[in-house]
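Geometric and topological summary
Chain by chain, the residues run as shown.
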Amino acid sequence: MNKAYDAIVIGTGISGGWAAKELCEHGLKTLVLERGRMVNHGDYPTATKDIWDFEFRGKPSAAATANQETQSRTGFVTQETTAHWFVNDLEHPYNETKRFDWIRGYHVGGRSLTWGRQALRMSDLDFEANKLEGIAVDWPIRYKDIAPWYTKVEQFIGVCGENLGLPHLPDSHLSPAMPLNEVEKDFKDQISKHYKNRHLTMGRFANLTGDAQHTGRANCAYRNRCMRGCPLGAYFSSNSSTLPAAERTGNMTLRPYSIVSEIVYDDISKKATGVKIIDAQTHETLEFSAKIIFCCASTVGTTSILLQSKSERFPNGLGNDSGELGHNLMDHHFRVGATGTTTKFKQVPYINNRPASFHIPRFRNLKDGEPQSNFLRGYSFQGSASRTDWRRAIKELSYGEALKDKLLKPGPWRIGMTGFGECLPYHENKMTLDDTKKDQWGLPTVTFDAEFKKNELEMRKDMQQEAIKMLKLAGFEDVKGFDTALYLGHAIHEMGTARMGHDPKTSVLNKFNQIHAVSNVYVTDGSCMTSSGNQNPSLTYMALTARAVDHAVKLLKQNLL
Amino acid sequence: MMDRRTALKNMALSFGFAVSGTTIISVFNSCSDAKTTVISEFFKASEMYSISQLVDLLLPTTTTIGAKDLNIARFIDKMCQHVLNAEQQMEMKLGTEEFSKRFNNITGKVPVDGNVEDYQKMLTTYFHISEAQQDAVFELLDSDYQLLAHDLKPDYRLYTFLTTVRELSLLGFFTSQTIMELEA
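The structure presented is a predicted model; accordingly, all values stated were derived computationally and were not measured.

The next thing to look at is the side chain of N455 of chain A. Residue and element names in this part refer to chain A. Structurally, N455 can be placed in helix 10 (residues 454–473). Within polar-contact distance, the side chain of N455 engages the backbone nitrogen of L376 at 2.7 Å. If we ignore the near neighbours within four places in the chain, the residues touching N455 are F375, L376, L424 and Y426.

The following block contains the structure:
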């Protein structure tokens, strides 16, 4: 018999974990659905392996690559160390009208296990931009609406870093920053000397430092293997943090292998009544009911579920009165920047194991900044300096005793940084469902049709030029620019396909992440984003989720849902 | 003295020697007390001999251990069998043949009869080249083999073989437990 719950959360990634924790802590009996396998905190099979323990020293075998061909285009996620956190492309096919690198982790915890951990707040420079520039639609919230929720999230997940007092990078609740090394400190000094509005700081990372207590978690031990899962729980993931918190309440029922095929809508009450799922292993169909539903299945996952949820009232997908569902697909553009070397600091001892990078916050198109650029919005840089290892000799033909002796010692310092650029929301950048191509569960497959455009291309030119310029000004040698991948999905920050807005005619969600016309369905993953900013977005998803749960619980108490 | 036995033992443990394949040769024939056999999967026995010779010249045993001590030849064989994709494997096979041809041209011998001096001569010929020539080599290797002009293909094949052996030697050696713990 199918049980009724107070709430259903679809997805266990960074947003779903937060929805589960908050709903359960408010006393709601919550069913948490995950389409993939169970992963308990600590079930990290490669976490304690050294590089020599991997059969192919970390490189994916040709056989493994054949199963993850499209995801291997990123060049890193399918390494032997982490490949098990990413899906089999053959079992989970999708279609590309234009290339889109869809990187997916179908298991409990989702991509919260493999995220970059950079936790940056967005500001009113971001929330006001669409309105000021007449782009897409206005965000229905401003910084003051989300600020307390950022703080709540930061306190729980633990973020280390440095506050700079910049209006466009609001101060956060932080534990002590990880240290910059000598080369980075020197670069920071050089930047301060040459620029008034450019700052180099240690990135804000969701790795524990300092004295705050986090249940079941320990401070970062600088193992720098975060993507494999951390047995110490030193970085934030659903598995180490939010799901155990939800579990402790006794209110959570977690069901892995549960693929949501549809959200069931009742036109009389104008509400969703529950969800239909397909058991991924048995292919059995089940239905669960609840008073409220939180969609946290990832941008593409949630949007697919909504598009699949057709009814007489919503023939084009649940909540799709505006026709915007699936549109405005965004991702950050990156892998553009510069590298350089220095022969200074040779005597400085250094072990390259810090799981964090430096950050140069946005400096273009600030209200009080330099002259306006020939593009809208801006970008930030993330990078690091380290001493080169044996790989510096790959593109050489040297050999013999001298080579061996040389490579047994650390090489010169090398610095590199990549920009993270904002992508504008374009209606024509979209994902759709193809009903003629079904997956093994009989569900339609996703087709991507999106590309970066002139604004992003102009921005990239500037990103590379400025990276080169800053490194040269700072005295680095052999400075070279790079501009490699330019495909959506590559930054794994896909967002925007069920955007928030004031007007139901032009947006899918309201200012509390409720579907405009179906008030008991909340969407709080990346699909809700009205614009992308240049900041790594997970912190914003978590804050919006906590805020939306608070809203839902208040309405529920007043019997308004 | 090294701990060569320990290194071999570690290596044996890490590789398990549980591979399928039929080619069996003696790789550690320079040191009878540590003689052991290895099974190759990708290369023929005669080719494994060439690779062992090259590996020993690329990262020689000196006062510190060298690639031979860590059985890097076997590592290269394994990587070629399991990590290279079909196209790369085909190019590697062609490269091995090209190397054999050049070896014969330069030394007048077949590779399996070559001694250390012969292999040294090969590396001197093809690795002791100017920086500009080296750049040209890596530029050539960035090309699509199928689209290359006919007269450039032999060099592409040869250098695919030589640089793959060299890069995998570095990878196998410098990411081994023995060396990484030495560095730490």
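So, about the interface of chain A and chain B. Taken residue by residue, the interface counts 25 residues in chain A and 43 residues in chain B. Interface of chain A and chain B: buried area, both sides summed, is about 2900 Å²; carbon and sulfur atoms make up 66% of it. Here chain A is connected to chain B by two salt bridges. Here R166 of chain B ties to E396 of chain A by a salt bridge, and the two come within 4.0 Å at their closest N and O atoms. Looking at the side of chain A that touches chain B, the elements that each hand over two or more residues are helix 2 (62–67) and helix 9 (401–407) of chain A. With five residues, the top contributor of residues to the side of chain A that touches chain B is helix 9 of chain A. Partitioning the side of chain A that touches chain B into residue classes produces 14 nonpolar, three polar and eight charged.

All names here are of chain A. Along the chain, E466 falls in helix 10. A relative accessible area of 5% places E466 in the buried class. For E466, the residues in contact, after removing those within four places along its chain, are Y195, R198, F363, R364 and Y379.

Before going further, it helps to examine the layout of surface pockets. Residues and elements named next belong to chain A. Taken as a whole, the second largest pocket encloses approximately 260 Å³ of empty space. Along its surface, the second largest pocket is lined by 17 residues, and R37, V87, E91, H92 and Y106 are the ones closest to its centre. Of the residues belonging to the lining of the second largest pocket, the class tally is eight nonpolar, six polar and three charged.

Residue and element names in this part refer to chain A. Here strand 6 (residues 258–266) runs beside strand 7 (residues 271–279); their pairing, made up of eight bridges, is antiparallel. By the bridge assignment for strand 7, I259 is matched with I278. Connecting strand 6 to the antiparallel partner strand 7 that follows it, the hairpin turn spans four residues, and K270 within it adopts a positive phi of roughly 65 degrees. As paired elements, strand 7 and strand 8 (residues 285–295) share five bridges and run antiparallel to each other. Directly across from G274, in strand 8, lies its bridge partner S289. Hairpin connection from strand 7 to strand 8: five residues lie between these consecutive antiparallel strands, with H283 at a positive phi of about 65 degrees.

In the numbering used here, UniProt assigns the feature "domain: Glucose-methanol-choline oxidoreductase N-terminal" (unreviewed entry) to residues 98–332 of chain A. For residues 98–332 of chain A, the end-to-end C-alpha separation is 16 Å, with 25% helix and 15% strand making up the annotated structure.

All names here are of chain A. The sheet built from three strands is open, its strands ordered 3-14-13 with mixed pairing. Each edge of the open sheet carries a strand with a single partner, namely strand 3 (95–96) and strand 13 (430–438). Relative to strand 14 (residues 444–449), strand 13 runs antiparallel, the two being bridged by six bridges. Within strand 14, the residue paired with K430 across the bridge is D449. On top of the sheet, helix 8 (residues 299–308) reaches strand 13 and strand 14; it is set at about 60 degrees to strand 13, its chief contact.

Parameters at a glance
- Residues numbered from 1 in each chain as written.
- Chains lettered and ligands numbered in written order.
- Predicted model: local features only at pLDDT ≥ 70, side-chain atom pairs only at ≥ 80, totals over all residues.
- Heavy atoms only, no water.
- Helix = DSSP H or I, 4+ residues; strand = E, 2+ residues; numbered from the N terminus.
- Polar contact = N/O pair within 3.5 Å; in protein donor to acceptor, adjacent residues only side chain to side chain.
- Contact = heavy atoms within 4.5 Å.
- Buried area = accessible area lost by both parts, 1.4 Å probe.
- Salt bridge = Lys/Arg side-chain N within 4 Å of Asp/Glu carboxyl O.
- Nonpolar A, V, L, I, M, F, W, Y, C, P; charged D, E, K, R; others polar.
- Buried < 20%, exposed > 50% of the residue type's maximum accessible area, 1.4 Å probe, protein only.
- 1 Å grid on protein atoms, 1.4 Å probe; cavity = no way out; pocket = protein on both sides within 12 Å on 5 of 7 lines; lining within 4 Å.
- Points joined across faces, edges and corners; volume = space filled by probe spheres on them.
- Pairing = 2+ DSSP bridges.
- UniProt positions renumbered as here; feature names shortened; annotations may be inferred.
- Axes fitted to C-alpha atoms, helices over the stretch in contact; angles between N-to-C directions.

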